[in-house]
Amino acid sequence: MARPDKATAVAELADRFKSSSATVLTEYRGLSVAQLKELRRSLGEGATYAVVKNTLTKIAAKEAGIEGLDDLLVGPSALAFVDGDIVEAAKSLKTFAKENPALVIKGGYLDGAAISAEDVSKLAELESREVLLAKLAGAMNASMSQAAALFAAPLSQAARTVDALRVKVETEGPVQDAAAPAADEAPADEAPVAEADAPAAADEAPAAPEAEAEAPAAEATDES
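Everything quoted here is computed from the prediction, not taken from an experiment.

Draft legend 1. Main features of the pattern of salt bridges. Counted according to the given criterion, the structure contains five salt bridges. Here E27 makes a salt bridge to R29, at a shortest N to O gap of 3.1 Å. Residue class for E27 comes out buried when judged on its relative accessible area of 17%. The class for R29 is exposed, based on a relative accessible area of 51%.

Right, here's the structure in full:
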């Protein structure tokens, strides 16, 4: 490869490293052209799969500020540059490797650090972003339904209570009629007060006999 072509290839690889959310490094020794096409198709639009030269890839990784891949760049190498969900890409690669043992997953780069082949396998076992979002949406909808039920129950109970009061008023008359007996009982409460004053007047009546008691004393004086 001529020097200008190498510089262009390095620049393109460096740009892919920088623009990708993750990178998975594989060895494709033994895979046919048809199998490589199938692998690219299985990755979908969320990732691109490119066969690379180890020397140029090391230079491009260094220019992109990526470390930890040099030791893995041995033998026929190919990189999966992930633009979408790393979990989906890891699942596709793991599934393809299971069906085609010639594909070997060596490791990769994610969130500013190198990851091992075991890390890629663990990522493949996680639920995809779409599934997690669907579960989150389901949980939120369930919570909203529960909240709606909690708010709706008191409102319906209040409506039934108000309706029951309305029926009672229509059948038994206004609530203010219940206060009428209290007005009728008011004179009865005042009557005992007048009666209680009567004995006081009766107590004053016996004062007259005292004058009669003094009369015999006067008569006795006249007889003497």
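So, next bit.
Draft legend 2. Region of the structure containing the packing of helix α4 (residues 86-99) against helix α5 (residues 117-125). Running from N to C, α4 and α5 point in directions that differ by 105°, and their axes come no closer than 7 Å. It follows that α4 is roughly perpendicular to α5 by the angle criterion. Across the interface between the two elements, I86, V87, A90, K91 and K94 of α4 pack against V120, S121, L123, A124 and E125 of α5. Split by residue class, the contact of α4 with α5 holds six nonpolar, one polar and three charged.

Draft legend 3. Examining the environment of E118 more closely. Mapped onto the secondary structure, E118 falls in helix α5. The exposed category is assigned to E118, whose relative accessible area is 52%. Put simply, E118 and G107 are eleven residues apart on the chain and 7.6 Å apart in space, counted from C-alpha to C-alpha.

About the cut-offs
- Residues numbered from 1 in each chain as written.
- Predicted model: local features only at pLDDT ≥ 70, side-chain atom pairs only at ≥ 80, totals over all residues.
- Heavy atoms only, no water.
- Salt bridge = Lys/Arg side-chain N within 4 Å of Asp/Glu carboxyl O.
- Buried < 20%, exposed > 50% of the residue type's maximum accessible area, 1.4 Å probe, protein only.
- Axes fitted to C-alpha atoms, helices over the stretch in contact; angles between N-to-C directions.
- Helix = DSSP H or I, 4+ residues; strand = E, 2+ residues; numbered from the N terminus.
- Parallel < 35°, antiparallel > 145°, perpendicular 65-115°, else oblique.
- Contact = heavy atoms within 4.5 Å.
- Nonpolar A, V, L, I, M, F, W, Y, C, P; charged D, E, K, R; others polar.

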